[in-house]
Amino acid sequence: MKVSAPYKIWLKEIKDIVSFAKSKAALSVNEYLLLMYWQLGQMIVQKQKQHLWGDAVIEQLSLDLQKAFPEMKGFSRTNLFNCKKLFLFYTNTKVQQPVGQLTGTKKNTFIKVQQPVGQMKISTNKALKLITKIPWGSNIVIIEKTNSIDEALFYLLQTIENNWSRNLLLNQIALNLYKRPEKAITNFSKALPSRQSNIAMQVLKDPYVFDFLSVQKIVSEKNIEDQLINHITKFLLELGKGFAFVGKQYHVEVSKKDYYTDLLFYHLHLRCYVVIELKIGEFKPEYAGKLSFYLSAIDNLVANKTNDNATIGIILCKEKDNVTAAYALRGLTKPIGVAQYDFIKSIPKNLKSELPSIAQLEKELKNINK
């Protein structure tokens, strides 16, 4: 590529940005690095539009930056394209006006990130604050694996809150965590205060994926329960942040009779107990009534009436009909959610024909129980 005068001027501006970011790196390595990547992507988009430069300019810029800053990583051709991709993804546009510059040589100067102008979604500025909180590799995973800014923001927040590694983030995206809360049937909006209801809905998934269980050993709810406890770390990870395990077959005595909940947890953010009932087959309306009874017992006999919120119940079943579940919860005052679970992630098409279907597995399980 023939180096033009505008390119030389632009290269000097970028070198100044990189030099400033280097000077601040010791204070906040990831934050300044990510802000620099964002601005590099923005400037690339703008200059390509302004001067009608093709992608060859990115290759030239990569060579020049690696020559100017040989001790720094991140200026490869691929990474500069990722910078451009990051900016385009969150702005959802072909070109934008510049955000606040990474400039400042005087004492007490700092990076300013101003509200971008132009046809930009409101959530972009929020994204710009969040992307600096997680590693660059995780940011690339999010923009490559998600389909909207809202979905990306969801995984940004989850990664920050749960301190997910890159591999764990990939796994949660593969399991479609973003859409799983939408499928659960609950009466949370009527049975809980609005703030607690919103948090509870974010906590609930559908389906839960217990791919760490051995399907061959599952012949009853107790088998599932035992395996979940044996893999309690993975189970808690699938449940999500905030769950603390209290016990299995938790005993409560009501009117001199003994009752046992399948699994009892305490949720640190909801400030309440959570009862989980496991069902090996399809959801039945009577499950909701029984769980409502358990919730009343935990509220009165276990929970602290001063500090704890209302106990929440979750019915995990292999299958559910949404209409039936909604009718079963309609008249109940206790907060209950109904969700499904699965034993496996998505299966490659070339293997599906060699594996038994869910219906076949269920049939075998029923035969074993006879």
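Calculation rules
- Residues numbered from 1 in each chain as written.
- Predicted model: local features only at pLDDT ≥ 70, side-chain atom pairs only at ≥ 80, totals over all residues.
- Heavy atoms only, no water.
- Phe/Tyr/Trp six-rings, centres within 6.5 Å; stacked < 30°, edge-to-face > 60°.
- Helix = DSSP H or I, 4+ residues; strand = E, 2+ residues; numbered from the N terminus.
- Buried < 20%, exposed > 50% of the residue type's maximum accessible area, 1.4 Å probe, protein only.
- Lys NZ or Arg CZ within 6 Å of the ring centre and 35° of its normal.
- Salt bridge = Lys/Arg side-chain N within 4 Å of Asp/Glu carboxyl O.
- Core = buried A, V, L, I, M, F, W, Y, C linked by side-chain atoms within 4.5 Å.
- Contact = heavy atoms within 4.5 Å.

**Quick notes on the packing of aromatic side chains**
In step 1: Scanning the entire structure with this criterion turns up 15 aromatic pairs.
In step 2: Summarising the aromatic geometry, the rings of tyrosine 7 and tryptophan 10 are spaced 5.9 Å apart at their centres and angled 70 degrees between planes, so their arrangement reads as edge-to-face. Of this pair, tyrosine 7 and tryptophan 10 both sit in helix α1 (residues 5-24), 3 residues apart, which is roughly one turn of the helix. Accessibility classification places tyrosine 7 together with tryptophan 10 in one group, the buried group.
In step 3: Three or more aromatic residues joined by ring pairs form one cluster here, namely Tyr7, Trp10 and Trp53.
In step 4: Directly above the aromatic system of tyrosine 327 lies the positively charged group of arginine 330, at a separation of 4.7 Å from the ring centroid.

**Examining the pattern of salt bridges**
In step 1: According to the stated counting rule, one finds 7 salt bridges in the structure shown.
In step 2: Of the charged contacts, one joins glutamate 144 and lysine 85 as a salt bridge, the two residues approaching to 3.3 Å between their closest N and O atoms. Here the residue glutamate 144 occupies a position in helix α6 (residues 136-145), and lysine 85 occupies one in helix α4 (residues 77-91), the gap between them amounting to 59 residues.
In step 3: Lysine 85 gets classed as partly exposed once you look at its relative accessible area, which sits at 36%.
In step 4: Here lysine 318 and aspartate 342 are joined by a salt bridge, their closest N and O atoms 3.8 Å apart. Of the two residues, lysine 318 is situated in strand β6 (residues 312-319) and aspartate 342 in strand β7 (residues 336-342); the sequence distance between them amounts to 24 residues.
In step 5: With relative accessibility at 22%, the residue aspartate 342 sits in the partly exposed group.

**Here we look at the nonpolar core**
One recurring pattern in soluble globular proteins: nonpolar side chains tend to sit buried together.
In step 1: Membership of the largest hydrophobic core comes to 51 residues, with the highest contact counts inside it found for Trp10, Met36, Leu61, Phe75 and Tyr90.
In step 2: It is helix α2 (residues 29-51) that provides the largest number of residues to this core, a total of 9 residues.
In step 3: In terms of nonpolar packing, the next biggest core, distinct from the first, is built from 28 residues, Tyr208, Phe243, Ile276 and Tyr341 among them.

**Let's talk about the environment of alanine 339**
In step 1: Looking at the secondary structure, you find alanine 339 in strand β7.
In step 2: Taking the relative accessible area as the measure of exposure, alanine 339 reaches 0% and is therefore buried.
In step 3: For the pair formed by alanine 339 and cysteine 317, sequence separation is 22 residues and the distance between their alpha carbons is 6.5 Å.
In step 4: If we skip the residues at most four places from it in the chain, alanine 339 touches Leu204, Lys205, Asp206, Tyr208, Ile315, Leu316, Cys317 and Lys320.

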